[in-house]
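Single-letter residue listing:
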Amino acid sequence: MARTRTGLSPGLLLVALVPLGFLAVFFVWPVVAIVRLGFGEGGVLAVLGSADTWQLVAFTVGQAAASTVLAVLAGVPVAYLLARTSLPGLGLVRVVILVPFVLPTVVVGLAFRTLLPDGGVLAIVLANSFFNVAVVARTVAGLWSHVDGRAADAARSLGASPLRAFTSVTLPALAPALTSAAAVVFLFCATSFGVVLILGGSRYRTLETEIYLRTVELLDLSGAAALSLVQLAAVVAALSVGVLARRRRESALRLRGRASVARRPRGGQSWAVVGAALGVVVLLLVPVVVLVARSFDGGFAGYRALAGFGHEGSLQVSGWEAAANSLRAATDATALAVFLGTLASVVLVSLSRGRVRRGVVETMDTVLMLPLGVSAVTVGFGYLVTLDLLPGDLRTSPALVPLAQALVVTPLVIRMLLPVLRSIDTRLRQAAASLGASPWRVWREVDVPVAGRSLLTATAFGYVVALGEFGATSFLARPDTATLPVAVARLLSRPGELNNQMAYAACTLLVLVTVAAVALVESVGRSRVVEF
Amino acid sequence: MRKVLLGVVLVTSLTACTLSAGEPEENGERRVVLVTHDSFAMSEEVLDAFREESGITIDVRKLGDAGALTNQLVLTKDNPVGDLAYGVDTTFASRALEEDVFEPYRSPAADEGSQRYAIDDTNRLTAVDVGDVCVNIDPAALAARNVPEPASYADLTKAAYENMLVVEDPATSSPGLAFLLGTIASLGDGWREYWMALRGRGVQVVSGWEEAYTQEFSGSSGEGPRPIVVSYASSPAAEVAEDGTPTTKAVLDTCFRQVEYAGVLRGAANTEDARAVLDFLLSPEFQSQVPEQMYVYPARSDVELPETWQAAAPLPESPAEMDPAKIAENRERWIDEWRALVPG
């Protein structure tokens, strides 16, 4: 492949155009259009100048930062458990920690209201981290399982305490994955909507809930535009902090295959970490168990009703059809997101391996993350004023569901793949090349085996996010294409005992479908991924 | 090479978008896109019968709650997302009329009762159903605490009902807003003192109907702690014991009238058929299903309510009402004032 001096080949440029083009059409254009409409109405400056706005910013960033810290603290022990130990049943742990991610926010919100009746900031932070522990655990585990443990062992035999060995040897090695995960979690928490609304009431408001109210209920587009700009600025600032943190830490690690690093925990400290990890897993499962128990409140009545079309026509699909609809939409979205995310990651890592200026790579990286940090309502209303110009008028089409979901899943895929790809020792690739391997061959023999597990994790995550996605789906799904989360919300919004039992039965079905789908993705993937 | 192949496979499967889309676009099919709110529901049999009789397929698209629906119609008025809209309610009707989203059409069936709720001289909106918001009570829980059942707005501020009422935030919930409007319509400028008094009696404010009704209210399956809740006149129809007796009750002097309207969208691709669908929304077949499908009351006066409804959830006779134009003019200011008065 002919390379220019910058390391940018024409082929790579072409590959880069695919994810960037998707982002331009389905994100940048709609957001710019709706914000411009807001500016047309005037009054943006007044909102920017109001003290109320800055209070919103402070609370949004504050609760997101607190939730992120908590999710990282809870997620790292679980990552250790998954990556460095070889206990029985880990496959199950790997799958079940993803379950919180898929639960409808209204159900989680109601569950946390029961646990903490006074609600407030603590409840919001706990609920947000509940959703996101898995992001940290799985992203960090993806890298950790390839980190050579001998450096830490050497530090220990030179007299370092376990804590010292962890903080000065292991932690720096994990930094790329940690910052990646933290960035994603921060964005998820900063834009979390349902739980903040339910647990915060009118006392605790965030930029996201306020943008929703102004856009959807008040059609105050200028106010919403102002807040969207503030949100965008806050997100870019947070991402830049992450980029700077990565800059200091970035280094190629000596990544190894998984089997050689996982072992039975030895010593008190190891078991203590394992104990903490199991404690986190149990806590994550408590709300899940509670809602499953609730679904049996009336015996099997909820399940029987779900097998049909619901109580007095509450649903136009049976529970099974809703499950099938969920799987279909999630499959489309995941396939698209993994495709786009892989292309973007390959481009980003190739650019940084070439002699492209670091700023360019980092800017592209940040831009690709933005869909996670911008309000879904802003994007959705943006679609209304732009997409009718495309052939086929996608504005209210169900075909938009997987596209909108892919917008959210793609950044996640990138954040899971990139740290691993970046950490691959370039000398390994140079060696392969000097032995005569073509660039394709180098990718296949060096990068794919190491990143395979992370790609798998990303696929599973994409699936889970898409399965649980509610905002875009509830807007765009037709009554006969309702997914399970949409069905749950619909049932909970109607009076009557049976509707409630059905809602929880549908939730349980969603949990089962999630576990089955993720287990399938992982087992198919595992047999394909060649590990060395 | 393999990657290229993979890419090709993915792209083809995407352009087909086989799985989720599945648009059965047959040639010459008559299709009306009905945009509506989340609560829309209708039995397949009724929709199928209409298709067979008229040759028109109704393509239902839900666009969120009544507010979200109206605002999306306003935003897309130059190129509407459907042919017909159903679900714009009293609170948002004025905005839709001001922005001229709908075009005039007087359905022949409107004379069967719908016209009672007419708000526009040029017939751009037609009333389809009525969904009043009322205070609901749990009589058994009140009896257990030895307090009489409240019968009016004023009763709720009495000491006997300390810490018993749960309401929804008018900024985030449509029944919450309706209840606030009801207090303003009934009490005039006294509404602020009234809410101060409610606050003194420990009124609880939550952000949505789900939390208020299914979690805090003692009369629902959630068996919460509070026996008085803001919900709908129709809610008691869903809370009926096995022997058929209702277990909750709506306080009929605390109701606010919410009418839901339908209208043909200006610039609709298929105006003629959209009118036919609007006629269908007012047909006895559709109207008689409205209570059990959507928990609202038919706009037609010659359609009987289901039996359980007649006992448990009759239509309020003299609810508070307010002119949609007045609501549109003051809504934001009232909500802001309310937020300053009542802590979340």
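Residues numbered from 1 in each chain as written. Chains lettered and ligands numbered in written order. Predicted model: local features only at pLDDT ≥ 70, side-chain atom pairs only at ≥ 80, totals over all residues.

Before going further, it helps to spend a moment on the overall build of chain A. The helix and strand inventory of chain A stands at 23 helices and 0 strands. Taking 532 residues into account, the globule formula puts the C-alpha radius of gyration at 24 Å, and chain A, at 23 Å, falls close to it. Within the span of chain A, comprising 532 residues, buried residues form 57% of the whole. Put simply, 84% of the contacts in chain A that link residues at least 6 apart link residues at least 24 apart. (Helix = DSSP H or I, 4+ residues; strand = E, 2+ residues; numbered from the N terminus. Rg over C-alpha atoms; globule rule 2.2 N^0.38 Å. Buried ≥ 20, exposed ≤ 12 C-beta atoms within 10 Å, placed from the backbone. Contact = placed C-beta atoms within 7 Å.)

Check the secondary structure of chain B and you find 12 helices and 12 strands. Considering only contacts within chain B whose residues lie at least 6 apart along the sequence, 74% involve residues at least 24 apart.

Right, let's talk about the packing of helix α3 (residues 51-84) of chain A against helix α7 (residues 120-144) of chain A for a bit. Each pair of packed helices can be summarised by the angle the axes make with each other and by the distance between the axes. All names here are of chain A. The interhelical angle for the contact between α3 and α7, taken along N-to-C directions, is 40°, at an axis separation of 6 Å. The interaxial crossing formed by α3 with α7 has right-handed handedness. Across the contact of α3 with α7, the residue classes break down as 19 nonpolar, 6 polar and 1 charged. (Axes fitted to C-alpha atoms, helices over the stretch in contact; angles between N-to-C directions. Left-handed = near helix turned anticlockwise from the far one by under 90°. Nonpolar A, V, L, I, M, F, W, Y, C, P; charged D, E, K, R; others polar.)

The next subject is helix α20 (residues 439-468) of chain A. Compared with an ideal rise of 1.5 Å per residue, which puts 30 residues at 44 Å, α20(A) spans 38 Å between its outermost C-alpha atoms and falls more than 12% short. Val448(A) marks the point of greatest bend in α20(A), at about 55°, and the proline Pro449(A) comes within the next four residues. (Expected span 1.5 Å × (residues − 1). Bend = angle between axes of the 7 residues up to and from the residue.)

The next point concerns the packing of helix α15 (residues 319-353) of chain A against helix α16 (residues 358-369) of chain A. All names here are of chain A. Where α15 meets α16, the closest approach of the two axes is 10 Å, and the angle between their N-to-C directions is 160°. Judged by the inter-axis angle, α15 sits roughly antiparallel to α16. Like other packed secondary-structure pairs, α15 and α16 cross with a definite hand, here left-handed. Along its contact with α15, which presents Ala344, Leu348, Leu351 and Ser352, the element α16 presents Val361, Met364, Asp365 and Leu368. (Parallel < 35°, antiparallel > 145°, perpendicular 65-115°, else oblique.)

Turning to the sheet that holds strand β7 (residues 165-168) of chain B, a few remarks are in order. For sheets, the rule is that strands pair by backbone hydrogen bonds, running either parallel or antiparallel. All names here are of chain B. Taken in spatial order, the 5 strands line up as β8-β7-β9-β6-β10 in an open sheet, and their pairing is mixed. Edge positions in the open sheet fall to β8 (204-206) and β10 (249-256), since each of these has one partner strand only. Within the sheet, the average angular offset between the axes of one strand and its neighbour, ignoring direction, is 35°. Relative to strand β9 (residues 228-232), strand β6 (residues 133-137) runs antiparallel, the two being bridged by 5 bridges. In the strand pairing of β9, Asn136 is matched with Val229. Most of the contacts of helix α6 (residues 174-187) go to β10, to which it runs at about 65°, and overall it touches β6, β7, β9 and β10. (Pairing = 2+ DSSP bridges.)

What follows deals with the environment of Ser173(B). All names here are of chain B. Position of Ser173 relative to the elements: it lies in the loop between β7 and α6. When the 24 C-beta atoms within 10 Å are taken as the criterion, Ser173 is described as buried. Expressed as a C-alpha distance, the spacing of Ser173 and Glu210, which sit 37 residues apart in the sequence, is 9.9 Å. Apart from the residues lying within four places of it in its own chain, the contact partners of Ser173 are Glu168, Ser207, Gly208 and Trp209.

This paragraph deals with the confidence of the model for chain A. Residue and element names in this part refer to chain A. In this model, chain A carries a mean pLDDT of 84, and residues with pLDDT of at least 70 account for 91%. Of all helices and strands in chain A, the one with the weakest mean pLDDT is helix α21 (residues 471-476) (68), whereas α3 scores best (93). Between residues 1-5, whose pLDDT stays under 50, and residues either more than four places distant or in other chains, the model counts 6 contacts. Segment residues 528-532 is flagged for pLDDT under 50; beyond a separation of four residues in sequence, or across chains, it makes 10 contacts in the model. (pLDDT = per-residue confidence, 0-100.)

Residues and elements named next belong to chain B. Burial of β10 is extensive: 6 of the 8 residues sit out of reach of the surface. Relative to β10, β6 is paired through 4 bridges, and the arrangement is antiparallel. Opposite Val135, over in β10, you have Val251 as the bridge partner.

Take the nonpolar core next. One recurring pattern in soluble globular proteins is that nonpolar side chains are buried together. Among the nonpolar cores identified, the biggest contains 281 residues, and Ala79(A), Val133(A), Val136(A), Val140(A), Ala506(A) and Leu84(B) are the most heavily contacted of them. Per element, the largest residue contribution to this core is 19 residues, and it comes from α15(A). Once you skip the residues sitting within four places of it in the chain, Ala79(A) turns out to touch Val136(A), Ala137(A), Val140(A), Ala141(A) and Trp144(A). (Core = buried A, V, L, I, M, F, W, Y, C linked by C-beta atoms within 7 Å.)

So, on to the interface of chain A and chain B. Each side of the interface is counted separately: chain A has 44 residues, and chain B has 49 residues. Taken together, the elements giving at least two residues each to the side of chain A that touches chain B come down to α6 (105-115), α10 (194-200), α11 (207-217), α15, α17 (376-386), α18 (400-423) and α23 (497-528) of chain A. The greatest single-element share of the side of chain A that touches chain B, amounting to 7 residues, is contributed by α15(A). Considered class by class, the residues forming the side of chain A that touches chain B number 23 nonpolar, 10 polar and 11 charged.

To continue, consider the confidence of the model for chain B. Residue and element names in this part refer to chain B. When pLDDT is averaged along chain B, the result is 89, and 92% of the positions lie at 70 or above. Every residue in residues 1-25 scores below 50 in pLDDT, and together they form 20 contacts with partners more than four places removed in sequence or on other chains. Scored as a complex, the prediction yields pTM 0.85 and ipTM 0.81.

Looking now at α11(A). Residues and elements named next belong to chain A. Counting buried positions along α11 gives 11 out of 11 residues, so the element sits mostly inside the fold. Inspection of α11 places Leu207, Glu208, Thr209, Glu210, Ile211, Tyr212, Leu213, Arg214, Thr215, Val216 and Glu217 among the buried residues, and these make up the whole buried set. Backbone geometry just after α11 places Leu219 at a positive phi near 50°.

Quick look at unusual backbone geometry now. For Asp100(B), which is not glycine, the phi torsion reads 55° and is therefore positive. On the secondary structure map, Asp100(B) appears in the loop between α4 (90-98) and β4 (102-103).

A few words on the environment of Ser67(A). Residues and elements named next belong to chain A. As for its placement among the helices and strands, Ser67 is situated in helix α3. Residue classification places Ser67 among the buried positions, given that 25 C-beta atoms sit within 10 Å. Separated by 385 residues in the primary sequence, Ser67 and Gly452 have C-alpha atoms spaced 30 Å apart. Residues contacting Ser67, with those up to four places away along its chain left out, are Val125, Asn128, Ser129 and Cys189.

Here we come to the pairing of strand β1 (residues 30-36) of chain B. Looking along a regular strand, one sees side chains alternate from face to face of the sheet. Residues and elements named next belong to chain B. Within β1, 5 of the 7 residues are buried, leaving the element largely enclosed by the surrounding structure. In this structure, β1 lies alongside strand β2 (residues 56-62), joined through 7 bridges in parallel fashion. Within β2, the position partnered with Arg30 by the bridge is Ile56. Relative to strand β3 (residues 84-89), β1 runs parallel, the two sharing 3 bridges. Paired with Val35 across the strands is Ala85, a residue of β3.

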